[in-house]
Every structure is written in structure tokens, then in C-alpha cells.
Amino acid sequence: MIKAAFDIKEIRQQFPILQEKVGDYPLVYFDNGASSQKPKIVIDRIKHYYDHENANIHRGVHHLSQISTDNYEIARKQVQLFIGAEHEHEIIFTSGTTEGINLVAQSFCKNLVKGDEIIITEMEHHSNIVPWQMKAEEYGLVLKYIPLLANGELDWGKLDELLTSRTKILSFTHISNSLGTINPAKEIIAKAHANGTKVLLDAAQSLQHTPINVKDLDCDFMVFSGHKVFGPTGVGVLYGKEDMLNAMPPYKGGGDMIKSVTMERTEYNELPFKFEAGTPNIVGGIGLGTALKWLSSLDYEQVQKHEAELLDYATKQLLEIDGARIYGESENKCSILSFLIEGIHPYDIGTLLNQQGIAVRTGHHCTQPVMEFFGIPGTIRASFSLYNTKEEVDLFIAALKKATNMLK
Ligand code: PLP
């Protein structure tokens with residue numbers, strides 16, 4: 001497909017919310033790591049669904065049910081194409097990254113035995129820590145961590161030491177939500193596979209910044225959330241290799257995931273339905289498909305260039321502020337800027353920035369082990385998306401200087 005030139009003005013016009021004001025100030029939305037805004041085409045698609053197509057799927061013979069089913073399955077196909085999966089049935093719709101990880105933790109670990117090992121990292125979002133801790137406790141599994149380094153990278157050199165013949169799965173984030181670090185996923189996956197270890201890649205922060213091809217990466221599982229890739233909330237995707245998904249028991253029981261039910265026993269449905277019990281987020285799936293189609297119309301290389309310029313521009317100006325310290329200085333980093341100003345609590349800065357229309361996130365970003373490593377309560381995080389501009393960075397820096405002067 002021929003991609004249109006990256007025209008920031010034209011892109012911004014597609015996001016109605018960017019015209020909002022916060023009091024007298026124009027909204028500057030730098031909280032994209034938490035959730036991205038939605039282009040009008042996605043918002044319109046959701047409205048169109050409720051105006052013209054709404055019905056439950058997979059079970060109806062009537063017109064609306066068939067339309068709804070067709071469009072939901074088209075969305076699954078769109079996801080498959082977007083991430084380069086081999087089969088459509090390797091795409092499981094979930095409620096988001098968190099549910100995808102919980103699904104794998106629950107179903108994959110059912111086949112493990114006491115003393116089997118799992119590796120995660122000190123950089124993970126809580127959603128890629130807690131489900132594994134819960135399963136480790138339940139089944140007597142050993143949970144190991146790849147350590148963090150002071151520059152915000154992981155000490156991947158330790159992987160060889162941690163891998164043993166009992167390491168069944170390695171689960172790690174592609175991009176750190178609190179530091180911006182981009183991990184060398186392909187290389188790490190190959191290393192794990194050489195040890196016979198399966199890999200789950202948490203791509204919650206990835207697809208809005210960088211393309212992912214699951215066949216090229218060769219990950220066994222990959223998870224992401226719709227709301228961070230310009231799609232709706234409450235929907236996400238678990239990709240799993242066919243043989244991996246077939247080997248795992250279902251995660252939830254209910255309608256749609258069965259082939260037959262008698263009083264005595266249940267025969268499970270085939271993929272992907274085996275993992276999709278109950279009425280799913282139909283409009284969410286369709287909206288996500290639309291968002292990914294929209295994202296496909298853009299050129300990732302131009303998006304990355306634009307975001308790298310924003311990061312560079314903001315980083316240089318931030319470092320000129322007295323007492324500023326950046327957390328996350330990896331060479332390979334995406335447009336997430338986590339920082340503190342010496343002597344000032346991040347929450348106070350976040351509050352004063354908000355009073356000037358700037359939306360940033362403050363706190364531990366659901367990565368308490370990262371904060372513990374640096375010995376801090378949290379950071380201020382400005383995370384830039386493809387629709388942000390240098391003019392917005394200027395407003396942010398000016399507001400930050402004002403806040404800092406007031407609080408010092
Ligand atoms: N993993 C990472 C790296 C994230 O950044 C997030 C959300 O910020 C999650 C997992 C959890 O995503 P969700 O809350 O959409 O399930």
C-alpha cells in the first residue's frame with residue numbers, strides 16, 4: 001500500500017479531542033503511554049456499529065447477528081495481517097494486555113510441575129509480574145528476574161546464567177512503559193528458544209511506535225491492548241502460536257468456548273473460540289480492527305522519525321532545567337521521557353502542569369520494582385505520540401519551568 005506523506009497538521013485534525021481546552025489552556029496530551037487518543041474514523045466506526053449493526057455474534061441466524069459476526073471476524077483478520085500471524089485463529093480477543101498475560105500464566109502453567117522455572121525482568125509492568133507470582137505460589141514454580149541496570153537497560157548478559165533445563169517460559173516487555181527502553185526482542189527470543197524456553201512478549205507499549213511481526217520475531221505469545229494503539233478500551237489481543245494454544249487448557253468456561261456440553265462433561269471448541277468464553281467486546285474488536293487499519297495507512301518509519309525528534313527536542317530542553325534528572329537513558333529508546341526535578345515531589349509538578357493544560361503521568365507507572373531500583377517514589381512521565389508537536393513540547397517546557405520556580 002502506498003503511504004501518504006506524514007502531515008502532522010492533517011493527522012491532528014483526525015483527533016477531535018486534541019482541540020479540547022483545559023480551562024483557558026489548549027490541551028497538551030503527553031500521557032500516551034497510559035492510553036492513546038482515538039482518530040475520528042474509530043469513533044465513527046463505533047457509533048456506526050451501534051446505529052446499524054448491534055447484535056450478539058456467532059449464534060444468530062438473523063441479519064444483524066450475521067453482520068456483527070462478519071465484522072468481528074474481519075477485525076480478527078485485520079489483527080492477523082497487522083502483526084503478521086500465520087493463522088487467523090492464533091488471534092484471541094481479550095480485554096487487554098493484562099488479561100492476555102493472565103490467560104497465558106493460568107493456562108500455560110497448568111502444564112508445569114513443582115520446581116519448573118519462569119524468568120521475567122525487573123522492568124515489568126505489574127501485570128507481567130503479579131500473574132506469574134500467583135502461579136509460582138500456586139504450583140511451587142521458581143520465578144527469576146533479569147536485573148535492571150542504572151541506564152535503564154536490562155542486564156541481558158545474565159540470561160545465560162538464569163536459563164536452565166527447567167526454564168519453561170520467559171516473559172518480558174518489548175518497551176518499558178516507565179523508562180522507554182526498547183529491548184532487543186528478536187535476539188532474546190532466539191536465545192530462549194535455543195534453551196527450549198517459550199517466550200511471551202508484552203507489546204503493550206510497542207505497536208503505537210513500532211511495527212511487530214510475530215513470525216519474524218518468532219515469539220510464542222504476544223499481547224497488547226487496543227486503547228494504546230488508537231483503538232477502544234476494554235479490548236486487546238493475545239497472539240499465540242497454534243501449537244502452543246492447542247496445548248493449553250481453556251482459561252475461562254462459558255458460552256462460545258464449547259463444542260458440546262452434557263451434564264457429565266464438556267468438549268471444548270476449537271481455536272480461537274476455546275479461549276473466548278462469553279459475549280466478547282464486539283464493538284471493541286471492530287473498533288480495534290479499524291484503528292489498526294488506520295495505523296497501517298501511516299508509514300512507521302516517518303512516525304518513528306517524528307517521535308524521535310520530539311524525544312530529542314524535549315530531552316535537550318529538559319536537561320537545561322536545574323536539578324532535572326532523566327530515568328531511562330538507553331541508546332535504543334522510544335518517546336517516553338521519565339524524569340524528576342531534584343527536591344520536588346512528582347505529584348506537585350504533575351498538578352501544576354495540569355493547571356496549565358499539560359497532561360503527564362506521575363507515580364510509579366505500575367512498575368514499583370523499577371522505582372525501588374532507583375530509590376525513588378515515582379517519576380513524571382511525558383510520553384509522546386505521533387500526533388504531538390514541537391510546539392506542544394515548548395508549552396510543556398515553559399509550564400514545567402513555571403512549576404519548578406513556584407515549588408523551589
Ligand atoms: N504492560 C505494559 C508494558 C504496559 O505499559 C501496560 C499498561 O500501561 C500494561 C502491560 C497493562 O495494560 P492494560 O492495562 O491495558 O491491560
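Below is a summary of the structure that appears in this document. Keep in mind that this is a model prediction, so the values were computed, not measured.

Thresholds, definitions, all that
- Throughout this document, residue positions are counted from 1 along each chain, in the order its sequence is written.
- The predicted nature of this model means local features are confined to residues of pLDDT at least 70 and side-chain atom pairs, given and counted, to a pLDDT of 80 or more, with totals for whole chains, interfaces and linings taken over all residues.
- Note: side-chain values were computed over all heavy atoms of the structure, leaving out hydrogens and water.
- Counted as salt bridges are all cases of a side-chain nitrogen of Lys or Arg within 4 Å of a carboxyl oxygen of Asp or Glu.
- Residue burial is assigned from relative accessible area. The probe radius is 1.4 Å, only protein chains are included, and a residue is buried under 20% of its type maximum, exposed over 50%, and partly exposed in between.
- Under the DSSP-based scheme used, a helix requires at least four consecutive residues in state H or I and a strand at least two consecutive residues in state E, with every element numbered from the N terminus.
- DSSP calls a pair of strands paired once it identifies at least 2 bridges connecting them.
- Cavities and pockets were defined on a 1 Å grid built from protein atoms only: a cavity is a group of points that admits a 1.4 Å probe but offers it no way out, a pocket is an open group of points flanked by protein on both sides within 12 Å along at least five of seven lines, and a lining residue is one with an atom within 4 Å of any such point.
- Grid points are joined across faces, edges and corners, and a volume is the space filled by probe spheres set on the points.
- For this classification, Asp, Glu, Lys and Arg are treated as charged, while Ala, Val, Leu, Ile, Met, Phe, Trp, Tyr, Cys and Pro are nonpolar and the rest, including Gly, are polar.
- Bear in mind that the domain bounds are from an automatic or database domain assignment.
- Throughout, an axis means a line fitted to C-alpha atoms (over the contacting stretch in the case of helices), and angles, computed between N-to-C directions, take values from 0 to 180 degrees.
- Paired rings are identified among Phe, Tyr and Trp, the last through its six-membered ring, by centres lying within 6.5 Å, and are further divided according to the angle between planes into stacked (under 30 degrees), edge-to-face (over 60) and tilted (the rest).
- The term nonpolar core refers to a set of buried residues drawn from Ala, Val, Leu, Ile, Met, Phe, Trp, Tyr and Cys, joined through side-chain atoms within 4.5 Å.
- We call a residue near a given molecule or strand whenever any one of its heavy atoms falls within 4 Å of it.
- Under the rule applied, a polar contact is a pair of N or O atoms within 3.5 Å (in protein, one hydrogen donor and one hydrogen acceptor; residues adjacent in sequence only if both atoms are side-chain atoms).
- For the area figures, the Shrake-Rupley method with a 1.4 Å probe applies, and any residue is considered shielded solely by the protein chains shown.
- Whether two residues are in contact is decided by their heavy atoms: any pair within 4.5 Å suffices.

Describing the pattern of salt bridges
Then comes step 1: Summed over the entire model, instances satisfying the criterion amount to 22 salt bridges.
Then comes step 2: Note that Lys158 and Asp155 form a salt bridge whose closest N and O atoms lie 3.2 Å from each other.
Then comes step 3: The class of Lys158 is partly exposed, set by a relative accessible area of 30%.
Then comes step 4: Each of Asp31, Arg361 and Arg381 takes part in salt bridges that share partners, so that together they form one network.

Concerning the pairing of strand β4 (residues 91-94)
Residues in a regular strand project their side chains so that they alternate between the two faces of the sheet.
Then comes step 1: Neither face of β4 is open: one carries Ile91 and Phe93, the other Ile92 and Thr94, and all of them are buried.
Then comes step 2: Judged from the four bridges that link them, β4 and strand β10 (residues 236-240) form a sheet pairing that is antiparallel. Bridge pairing in β10 places Ile91 opposite Tyr239.

Section: the layout of surface pockets
Then comes step 1: Looking at the largest pocket, its volume works out to about 250 Å³.
Then comes step 2: Taken together, 13 residues line the largest pocket, and the ones lying closest to its centre are Ile41, Arg45, Gln78, Thr290 and Lys293.
Then comes step 3: Listed by contribution, the elements that provide at least two residues to the lining of the largest pocket are α2 (40-53), α3 (63-83) and α10 (282-296).
Then comes step 4: Among the elements that line the lining of the largest pocket, the one with the most residues is α10, at five residues.
Then comes step 5: Considered class by class, the residues forming the lining of the largest pocket number six nonpolar, five polar and two charged.
Then comes step 6: Lining the second largest pocket are 13 residues, with Ile182, His209, Gln304, Lys333 and Cys334 positioned closest to its centre.
Then comes step 7: Looking at the lining of the second largest pocket residue by residue, the class counts come to five nonpolar, six polar and two charged.
Then comes step 8: Taken domain by domain, the makeup of the lining of the second largest pocket includes at least three residues from each of domain 1 (8-30 + 299-407) and domain 2 (44-296).

Topic: the sheet that holds strand β14 (residues 336-341)
Adjacent strands of a sheet form backbone hydrogen bonds with each other and so pair up, either parallel or antiparallel.
Then comes step 1: Reading across from one edge, β13-β14-β17-β16 is the order of the four strands in this open sheet, with antiparallel pairing throughout. Two strands close off the open sheet at either side, each with one partner strand: β13 (324-327) and β16 (361-363). Pairs of neighbouring strands in the sheet enclose a mean axial angle of 30°, with direction left out of account.
Then comes step 2: Taken together, the four bridges between β13 and β14 define a ladder with antiparallel strand orientation. The partner of Ile326 across the bridge, within β14, is Phe339.

Here we look at the environment of Met257
Then comes step 1: Positionally, Met257 belongs in the loop between α9 (242-247) and β11 (258-261).
Then comes step 2: In this structure, the C-alpha to C-alpha distance between Met257 and Leu245, residues twelve residues apart in sequence, is 13 Å.

Let's talk about empty space enclosed by the protein
Then comes step 1: Enumeration over the complete set of coordinates arrives at one cavity of 30 Å³ or more.
Then comes step 2: Quantified by volume, the largest cavity comes out at close to 30 Å³.
Then comes step 3: Contributing to the lining of the largest cavity are Asn32, Gly33, Gln205, Gln208, His209, Ile336, Ser383, Phe384 and Ser385.
Then comes step 4: For the lining of the largest cavity, a count of residues per class yields two nonpolar, seven polar and no charged.
Then comes step 5: Mapping the lining of the largest cavity onto the domain boundaries places at least three of its residues in each of domain 1 (8-30 + 299-407) and domain 2 (44-296).

Thoughts on the packing of aromatic side chains
For any pair of aromatic rings, the description consists of the separation of the ring centres together with the inter-plane angle of the planes.
Then comes step 1: Under the criterion given, the structure shown has 15 aromatic pairs.
Then comes step 2: Geometrically, the ring pair formed by Phe230 and Tyr387 is edge-to-face, given 6.2 Å between the ring centres and 75° between the ring planes. One end of the pair, Phe230, is in the loop between β9 (221-225) and β10; the other, Tyr387, is in the loop between β17 (379-383) and α14 (390-407), and 157 residues separate them in sequence.
Then comes step 3: An angle of 75° between the planes, with centres 5.2 Å apart, marks the rings of Tyr327 and Phe374 as edge-to-face.

Side note on the nonpolar core
Then comes step 1: By size, the foremost hydrophobic cluster in this structure holds 66 residues, and its most contacted members are Ile83, Phe172, Met222, Phe224 and Leu386.
Then comes step 2: Both domains that meet at this core, namely domain 1 (8-30 + 299-407) and domain 2 (44-296), each give it at least three residues.
Then comes step 3: Grouped together as the second largest cluster of nonpolar side chains are 25 residues, Val28, Leu318, Ala324 and Ile326 included.

Topic: the site of the ligand
Then comes step 1: Around the ligand, the surrounding shell consists of Thr97, Thr98, His125, Ser127, Thr173, Asn177, Asp202, Ala204, Gln205, Ser225, His227 and Lys228.
Then comes step 2: Contacts to the ligand include Asp202, whose side-chain N or O atom sits 2.6 Å from a nitrogen atom.
Then comes step 3: A distance of 2.7 Å is found between an oxygen atom of the ligand and a side-chain nitrogen or oxygen belonging to Ser225.
Then comes step 4: Summarising the interface, the protein chains cover 86% of the accessible area of the ligand, which totals 390 Å² for the free molecule.
Then comes step 5: Partitioning the shell around the ligand into residue classes produces one nonpolar, nine polar and two charged.

Some remarks on the sheet that holds β9
Then comes step 1: The seven strands are arranged β4-β10-β9-β8-β7-β5-β6 in an open sheet whose pairing can be described as mixed. The sheet is open, and its two borders are formed by β4 and β6 (142-146), each paired with just one other strand. Each strand of the sheet is rotated relative to its neighbour by a mean of 20°, with strand direction disregarded.
Then comes step 2: Note: strand β8 (residues 198-202) against β9, three bridges, orientation parallel. Along β9, the bridge assignment pairs Leu200 with Phe221.
Then comes step 3: Docked against the sheet, α3 engages β4, β9 and β10, running at close to 115° with respect to β4.

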